[in-house]
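Coordinates in review
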Amino acid sequence: MTLLNETHDARLRSWVASANAAGCDFPLQNLPFAVFRRRGASEAFRGGVAIGDQILDLAAVAASGVLQGPAAAAAQAGAQDKLNALMALGQGAWSALRLALSRALREGSALQAPLQACLVPQPQAEYDVPARIGDYTDFYTSVHHATNIGKQFRPDNPLLPNYKWVPIGYHGRASSIVVSGQSFHRPQGQTLPPGAQAPVVGPCKRLDIELELGIFVGEGNALGQPVPIAQAEQHVFGICLLNDWSARDIQGWEYQPLGPFLSKNFATTVSPWVVTLEALAPYRVAFTRPEGDPAPLPYLDSDANRERGAFDIQLQVGLRTPAMAAAGQADATLCRTSYRHAYWTVAQMLTHHTINGCNLQPGDLLGSGTLSGPTLDQAGALIELTSGGKNPVQLPGGEQRVFLEDGDTVVLRGWCEKPGAARVGFGECWGTVLPAL
Ligand code: MN
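So, how was this worked out
Residue numbers run consecutively from 1 along every chain, following the written order of its sequence. This being a predicted model, a pLDDT of at least 70 is required before a residue's local features are given, and a value of 80 or more before pairs of side-chain atoms are given or counted; all residues contribute to the totals for chains, interfaces and linings. Each side-chain value is derived from all of the structure's non-hydrogen atoms; neither hydrogens nor water enter the calculation. Between the rings of Phe, Tyr and Trp (Trp by its six-membered ring), a pair exists once the centres lie within 6.5 Å; its type follows the angle of the planes, with under 30 degrees stacked, over 60 edge-to-face, and the other angles tilted. Helix and strand definitions follow DSSP, with helices as H or I runs of at least four residues and strands as E runs of at least two, each counted in order from the N terminus. The rule is simple: take the accessible area with a 1.4 Å probe, protein chains only, and divide by the maximum for that residue type; under 20% is buried, over 50% is exposed, in between is partly exposed. To be clear, the arc concerns the directions from the helix axis to the C-beta atoms. Throughout, a contact is declared for two residues whenever any of their heavy atoms are within 4.5 Å. What makes two strands pair is DSSP finding at least two bridges between them. An axis is simply a line fitted to the C-alpha atoms; with a helix, the fit covers only the stretch in contact. Between two such axes, the angle follows the N-to-C directions and lies from 0 to 180 degrees. Any Lys or Arg side-chain nitrogen found within 4 Å of a carboxyl oxygen on Asp or Glu counts as a salt bridge. Here a donor is an N, O or S atom found within 2.8 Å of the metal, or within 3.2 Å if the metal is Na, K or Ca; sites may look incomplete because water is not among the atoms. These domain limits were set by an automatic method or by a database of domain assignments. A 1.4 Å probe defines the accessible area here, and the buried area is the portion of it lost by two parts on being joined, summed over both. The term nonpolar core refers to a set of buried residues drawn from Ala, Val, Leu, Ile, Met, Phe, Trp, Tyr and Cys, joined through side-chain atoms within 4.5 Å. A 3.5 Å cut-off defines polar contacts: any pair of N or O atoms within that distance qualifies, except that in protein one atom must be a possible hydrogen donor and the other a possible acceptor, and neighbouring residues in sequence count only when both atoms are side-chain atoms. Orientation labels follow simple angle bins: below 35 degrees gives roughly parallel, above 145 gives roughly antiparallel, 65 to 115 gives roughly perpendicular, and whatever is left gives oblique. Amino acids outside the nonpolar list (Ala, Val, Leu, Ile, Met, Phe, Trp, Tyr, Cys, Pro) and the charged list (Asp, Glu, Lys, Arg) are all regarded as polar, and Gly is one of them.

1. Details of the packing of aromatic side chains
- For the structure on display, the rule yields 10 aromatic pairs.
- Summarising the aromatic geometry, the rings of Tyr140 and Tyr163 are spaced 6.1 Å apart at their centres and angled 75 degrees between planes, so their arrangement reads as edge-to-face. Placement of the pair is Tyr140 in the loop between β6 (136-139) and α6 (143-153) and Tyr163 in the loop between α6 and β7 (169-171), with a sequence separation of 23 residues.
- Owing to a relative accessible area of 2%, Tyr163 belongs among the buried residues under this scheme.
- Arranged with centres 6.1 Å apart and planes meeting at 20 degrees, the rings of Phe311 and Tyr339 form a pair that is stacked. With Phe311 in strand β19 (residues 310-311) and Tyr339 in the loop between β21 (332-338) and α10 (346-354), this pair connects stretches of sequence that are 28 residues apart.
- Looking at Tyr339, the relative accessible area reads 3%, which means it is buried.
- Taken together, the aromatic side chains of Tyr140, Tyr163, Tyr343 and Trp344 make up a single cluster linked through ring pairs.

2. Some thoughts on α6
- Taken together, the buried positions of α6 are occupied by Val143, His145, Ala146, Ile149 and Gly150. Each buried residue of α6 lies within a common arc of 155 degrees when the element is viewed along its axis, so the set occupies one face.
- Next to the buried residues of α6 lie α11 (382-385).

3. Remarks on the sheet that holds strand β26 (residues 421-434)
- Strands sit in the order β9-β26-β25-β20-β21 across an open sheet of five strands; the sheet is mixed. Across the chains shown, the open sheet's two edge strands, defined by having one partner strand only, are β9 (183-185) and β21. Taken over all neighbouring pairs, the strand axes of this sheet differ in orientation by 20 degrees on average, direction set aside.

4. Observations regarding the pattern of salt bridges
- Scanning all chains against the criterion turns up 28 salt bridges.
- Note that Arg106 is salt-bridged to Glu6, the shortest N-O span being 2.7 Å. Of this pair, Arg106 sits in the loop between α4 (91-104) and α5 (112-116) while Glu6 sits in the segment before β1 (33-38), and the two are 100 residues apart along the sequence.
- Since its relative accessible area comes to 18%, Arg106 is described here as buried.
- The partner of Asp312 in a salt bridge is Arg340, with the nearest N and O atoms 3.3 Å apart. Taken as a pair, Asp312 in the loop between β19 and β20 (314-320) and Arg340 in the loop between β21 and α10 lie far apart in primary sequence, 28 residues in all.

5. Considerations on the side chain of Ser109
- With respect to the secondary-structure elements, Ser109 resides in the loop between α4 and α5.
- The exposure class assigned to Ser109 is buried, which follows from its relative accessible area of 15%.
- Ser109 has contacts with Trp15, Arg103 and Ala104, leaving out every residue within four places of it along the chain.

6. A closer look at the coordination of the manganese ion
- Asp138 (OD), Glu210 (OE), Glu212 (OE) and Asp244 (OD) make up the full set of protein donors to the manganese ion, lying at 2.1 to 2.2 Å.
- Mapping the donors of the manganese ion onto the primary sequence yields the spacing D-x71-E-x1-E-x31-D. In this pair, Asp138 is assigned in strand β6 and Glu212 in strand β13 (residues 211-217), connecting sequence segments 74 residues apart. With respect to class, Asp138 is no different from Glu212; both count as buried.

7. Some words on the domain arrangement of the protein chain
- The domain boundaries assigned to the protein chain delineate domain 1 (6-128) and domain 2 (136-434).
- The distance between the C-alpha centroids of domain 1 and domain 2 comes to 28 Å.
- Contact residues are listed per partner, giving 30 residues for domain 1 and 28 residues for domain 2.
- Roughly 2300 Å² is buried in total at the junction of domain 1 and domain 2, and carbon and sulfur atoms are behind 65% of that figure.
- At the junction of domain 1 and domain 2, the tally comes to two salt bridges.

8. What about the nonpolar core?
- Core analysis: the largest hydrophobic core is formed by 61 residues, its most contacted members being Ile239, Trp245, Leu280, Ile313, Leu334, Tyr339 and Leu404.
- Elements that contribute at least two residues to this core include exactly β13, β14 (236-243), β20, β21, α10, α11, β25 (409-418) and β26.
- Take this core: its biggest share by element is five residues, from β26.
- Not counting residues within four places of it along the chain, the set of residues in contact with Leu404 comprises Arg186, Leu207, Asp208, Ile209, Trp245, Leu319, Leu382, Val410 and Val433.
- If you look at the next biggest cluster of nonpolar residues, it comprises 44 residues, including Ala74, Ala75, Met87 and Trp94.

9. Notes on the pairing of strand β10 (residues 188-191)
- Where burial is concerned, the two faces of β10 differ: the one with Gly189 and Thr191 is buried and the one with Gln188 and Gln190 is not.
- Pairing analysis gives four bridges linking β10 to strand β11 (residues 200-203), with the strands arranged antiparallel. Bridging across to β11, Gln188 finds its partner in Pro203.

10. Examining the environment of Asp208
- Residue position: Asp208 is located in strand β12 (residues 207-208).
- The spatial distance from the C-alpha of Asp208 to the C-alpha of Gly108 is 49 Å, given a sequence separation of 100 residues.
- Those residues within four positions of Asp208 in sequence are excluded, and the remaining contacts are Trp245, Ser246, Arg248, Ala381, Leu382, Ile383, Phe403 and Leu404.
- Reaching out from Asp208, the side chain makes a polar contact with the side chain of Arg248 at a distance of 2.8 Å.
- At a separation of 2.7 Å, a polar atom in the side chain of Asp208 contacts the main-chain amide nitrogen of Leu382.

11. Brief notes about the packing of helix α2 (residues 69-77) against α4
- Between α2 and α4, the least distance of the axes is 8 Å, while the angle of their chain directions is 100 degrees. With respect to their mutual orientation, α2 and α4 come out roughly perpendicular. Judged by residue contacts, Pro70, Ala71, Ala74 and Ala75 of α2 engage Ala93, Ala96, Leu97 and Ala100 from α4.
- Of the residues assigned to the contact of α2 with α4, the class counts are eight nonpolar, no polar and no charged.

Here it is in C-alpha cells:
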C-alpha cells in the first residue's frame, strides 16, 4: 500500500499555470496516464501524463533525454501506443517516474524549458483505450446494488447467501471496451416480453448504465501462483472510470444460469485517464463491515486492508438528452456517491481472482461492479433509480426517463477532495446512444 511522500504535498505548484487552478482535475499531485495523439493527425498514439489542461508527451520526454535511471526507462516504456509495457514494469518504476515528473513540473524546475516543448494541449488531443486489455473481469462489489437488483430479479431472495463471503464476478469481453467519447448503436437481442410465452428479437427497450470504476492490472502473476493480499496492490497500476452499459430486458431473459452474456458485451466505456494508486494515497479510508456481517476469510483479510483498504472517490453520473443538448444545457445529475461504500476492496478483488492460480497480465481490467451507495439517490444504475422503470427520473425542462433513449449522452465523473490534500480528478467518461441498426 503506497505511503504518502513529497509528491502529495498540497503546497506544490507547477510551472504549468492551469494545474494550479482551484477545482482542476489534474494538479501536480495527480499525474495520471493516458494514450493520446493530436486529433486527426496521422501520428502514432503514445503515452501521456495530464498536467493542468496539457498533456506531457512521454515519447517526447523519452526522446529529450532529460530523465535519468528508472524514471527514464519508465518514460521510454510509456512512449508506446499502449501502456502495457509501463504497467509491466511495476510499482518501483511508476513511482520513480512520478517523483521525477513531480520535480520536473514544479515551479522553479531547471527542466521547464525542455519539457515545455513536450506539452500538447488537451483540447487538441484524441485518446485511445489506455491498454491492450487481454482479459476483462466484472465484479459486483456494491452490496447496495446487489440487494436492489436482487429485489427486482428475485423478490423473495434478493441477496444470495454467498455474497458476504465471496467477491462475485464474471468474465466479460475485452474487444468491445471503448474509450470515452465513442457512440454505439442500441443493441438488438432476444427478450421475453411480460406475459409472453415465447421470446422476440429486436432493439433493447431497457438500456441502462452502470457507474463503475475500472482497475488496471500492472505487474502480472505467473499461472498457478496466487497473489497474497499483502502484495495485491503492488499488482495494480491504477483506476479509471467505467460505464458498463447494460440491456436489462436482454439480461433478464438470458442471465440464468450462467450470468450476463450479450446484455453486457456490446459496449463498455472507459475514461482515457488512469489515476495511479500512489496519487490516491491521501484518500485511503478504512474498510469496514456492518455489525453482524461475517468477517472476510483470512486470505481476504489484512491489517492494511482493514485500516486503509478502501478509497474515498466521489462519483457522479450526468445525463444530457438531445433536447437538453439542443438548448445548450449541461447534463443533469442522476446520482452522487462514493467508492468508499463498496463491500469488497481492490486488494480483495485481486487476491480472490488469483486464489485458484489464475494468472493476471499487465493491462487486464477489473470492473468494480455498479457502485451504488446506501440510499436510492446514490444508485449507479437507472434500474435502481427508477425502481425497475416504475418511477421515472425527472429532468430539467420537464423531460423524464425510465431507461436511455436514442441520442442520450451519459457522463461519469470522479474526483477526490478533502482539506489539506490536493484534489485528484479522473476527468470524464462519456458516450452517446445511437438508434439501433
Ligand atoms: Mn457491471
